[in-house]
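Summary of structural features
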Amino acid sequence: MSLTRSQRILLVGPLALVLAIWLIVPALLGLAATLTNYAPIEASVTWVGTHNFALILADRNFATAVRNIAVFTAVAVPLELGVGLGLAYLLRRPFPGRTAVRLVLLLPWLVSPVASGVMWHFLLDSQTGFLDFLARSVGLASVPSPLSRHSLALPTVILVESWRVAPLVAFLLVPGLTAIPDERWEDARLDGLSTSGTIRNVALPALRPLILAVVMLLIGGAFATFDSVLTMTGGGPGTETITPALYSYDKAFSFSNWPAGAASGWLIGGAVLIVGIVYLRLASRSDP
């Protein structure tokens, strides 16, 4: 029995009211603030139009942040998906201690990004890190932290974030793999397919809608990368690891330029919105 119009309103109304009060209205107020010179210490608020957006788009540091996040996304998302799919493939069949293994693998994701960043900052530190400890234990000189080197800082951040997020990908993909009928796995074995061939011909076709959703989730998360980078490198050395979210934070809180910080934040939100629209289009095409 289908719901009447009144029943649908009663069902969806409370959620729509909560979203309007706590999400939509603040977002629209934030957007309006980007079109002014508003700041907590500003005596008077004047309309500036798209001036704040123009300043952001002309800023070299913002261009660097966009480049960094593009590289980050292009490398981290496939890496997280590949490692996560591999872990999920290994965990698809029951074995003694599988529950404990799944819990341990999920621990990096359960740790907050801030705590993860602080941990890796000290682990890779040139004075207290394990790399320095290993070098000194064999009589070598102190090893500089890869987070402080221009050629290694961004790759290191990518690896750390992939270490943190890949277990979540595995956690999301395991139910999809376990839902594949045993006959398909058996047919692949009888056909003599290798592990890679089994994944390509059995797992990927069955997981395509789920993988699409996970990829869009990873891309949106990559665009918003902030906490771990703030505590690991602070965007340095120089602007080597600055991201759009960290750029927005610096503008608003380090330089007290609230309109610029809000404008860059809305540019990030626009990018995530585009990712969501692309996902909806692709998902609608994949529906039978």
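Description of the structure in this document. (Residues numbered from 1 in each chain as written. Predicted model: local features only at pLDDT ≥ 70, side-chain atom pairs only at ≥ 80, totals over all residues. Heavy atoms only, no water.)

On to the overall build of the protein, then. Counting its secondary structure elements, the protein contains twelve helices and zero strands. In the protein, the succession of α and β elements from N to C terminus is α-α-α-α-α-α-α-α-α-α-α-α. Dimensions of the protein along its principal axes, counting C-alpha atoms only, are 75 × 75 × 30 Å. For the protein, contacts bridging at least 24 residues in sequence account for 64% of all contacts bridging at least 6. (Helix = DSSP H or I, 4+ residues; strand = E, 2+ residues; numbered from the N terminus. Contact = heavy atoms within 4.5 Å.)

Let us look at the packing of aromatic side chains. In total, this model carries six aromatic pairs according to the counting rule given. The interplanar angle of 80° and the centroid separation of 5.3 Å between the aromatic rings of Trp 120 and Trp 163 together place this pair among those described as edge-to-face. With a gap of 43 residues between them, Trp 120 in helix α5 (residues 113-123) and Trp 163 in helix α7 (residues 153-178) connect regions that are remote in the sequence. Taken together, the ring pairs connect Phe 226, Tyr 249, Phe 253 and Trp 258 into an aromatic cluster. When the ring centre of Phe 255 is taken as origin, the NZ or CZ atom of Lys 251, which lies over that ring, is 5.9 Å away. (Phe/Tyr/Trp six-rings, centres within 6.5 Å; stacked < 30°, edge-to-face > 60°. Lys NZ or Arg CZ within 6 Å of the ring centre and 35° of its normal.)

The subject of this paragraph is the side chain of Ser 248. Inspection of the secondary structure assignment puts Ser 248 in helix α11 (residues 244-254). Polar side-chain contacts of Ser 248 include one of 3.2 Å to the side chain of Ser 264. The contact partners of Ser 248, leaving out residues within four places of it in the chain, are Gly 261, Ser 264 and Gly 265. (Polar contact = N/O pair within 3.5 Å; in protein donor to acceptor, adjacent residues only side chain to side chain.)

The subject of this paragraph is unusual backbone geometry. Look at the link from Gly 236 to Pro 237: it is a cis peptide, with omega at -5°. As for its placement among the helices and strands, Pro 237 is situated in the loop between α10 (227-232) and α11.

Between helix α3 (residues 60-90) and helix α9 (residues 195-223), whose axes approach to 9 Å, the crossing angle comes to 140°. In this view, α3 runs oblique relative to α9, as classed from their interaxial angle. Seen from above, α3 lies across α9 with right-handed handedness. For the pair α3 and α9, contact is made by Ile 69, Phe 72, Thr 73, Val 77, Glu 80, Leu 81, Leu 85 and Tyr 89 and by Thr 195, Thr 198, Ile 199, Leu 204, Leu 207, Ile 211, Val 214, Val 215, Leu 218, Ile 219, Ala 222 and Phe 223, respectively. Tallied by class, residues from the contact of α3 with α9 come to 16 nonpolar, three polar and one charged. (Axes fitted to C-alpha atoms, helices over the stretch in contact; angles between N-to-C directions. Parallel < 35°, antiparallel > 145°, perpendicular 65-115°, else oblique. Left-handed = near helix turned anticlockwise from the far one by under 90°. Nonpolar A, V, L, I, M, F, W, Y, C, P; charged D, E, K, R; others polar.)

Before going further, it helps to examine the pattern of salt bridges. Think of it this way: side chains of opposite charge can pair up when their charged atoms draw near. All chains considered together, the criterion is met by three salt bridges. Lys 251 serves as the salt-bridge partner of Asp 59, at 3.6 Å between the closest nitrogen and oxygen. Taken together, the positions of Asp 59 in the loop between α2 (51-58) and α3 and Lys 251 in helix α11 put the pair 192 residues apart, joining distant regions of the chain. (Salt bridge = Lys/Arg side-chain N within 4 Å of Asp/Glu carboxyl O.)

Attention now moves to a nonpolar patch on the surface. A surface patch of nonpolar side chains, amounting to about 620 Å² of accessible area, comprises Met 119, Leu 123, Phe 130, Leu 131, Phe 133, Leu 134 and Trp 163. Breaking the nonpolar patch down by element, the ones donating at least two residues are α5 and α6 (130-137). According to the relative accessible area criterion, Trp 163 is partly exposed, its value standing at 34%. (Patch = residues over 30% accessible without salt bridge, like charges linked within 9 Å, V, L, I, M, F, W, Y side chains within 5 Å. Areas by Shrake-Rupley, 256 points an atom, 1.4 Å probe, with all protein chains shown as cover. Buried < 20%, exposed > 50% of the residue type's maximum accessible area, 1.4 Å probe, protein only.)

Let's shift gears to the nonpolar core. Counting residues in each nonpolar core, the largest one holds 55 residues, and the members touching the most others are Leu 173 and Leu 177. Secondary-structure elements contributing two or more residues to this core are α2, α3, α7, α8 (182-190), α9, α10, α11 and α12 (258-286). If one sorts the elements of this core by residue count, α9 sits on top with 13 residues. Filtering out sequence-adjacent residues up to four positions away, Leu 177 remains in contact with Ala 88, Tyr 89, Arg 92, Trp 185, Ala 203 and Leu 207. (Core = buried A, V, L, I, M, F, W, Y, C linked by side-chain atoms within 4.5 Å.)

On to the side chain of Thr 198. Along the chain, the position of Thr 198 falls in helix α9. Thr 198 gets classed as buried once you look at its relative accessible area, which sits at 6%. Here Thr 198 is in contact with Tyr 89, Trp 185, Ala 188, Leu 193 and Ala 203, once residues within four sequence places are set aside.

For α11, a buried count of eight out of eleven residues is recorded, marking the element as mostly surrounded by other parts of the structure. Turning to α11, its buried residues number three or more, namely Pro 244, Ala 245, Leu 246, Tyr 247, Ser 248, Asp 250, Lys 251 and Ala 252. Phi turns positive, to about 55°, at Ser 256, one or two residues after α11.

All right, on to the packing of α3 against α7 then. Where α3 contacts α7, the two axes come as close as 6 Å, and the packing angle between them is 40°. By the angle between their directions, the pair α3 and α7 is classed as oblique. As α3 packs across α7, the resulting crossing turns out to be right-handed. Tallied by class, the residues present in the contact of α3 with α7 amount to 22 nonpolar, three polar and two charged.

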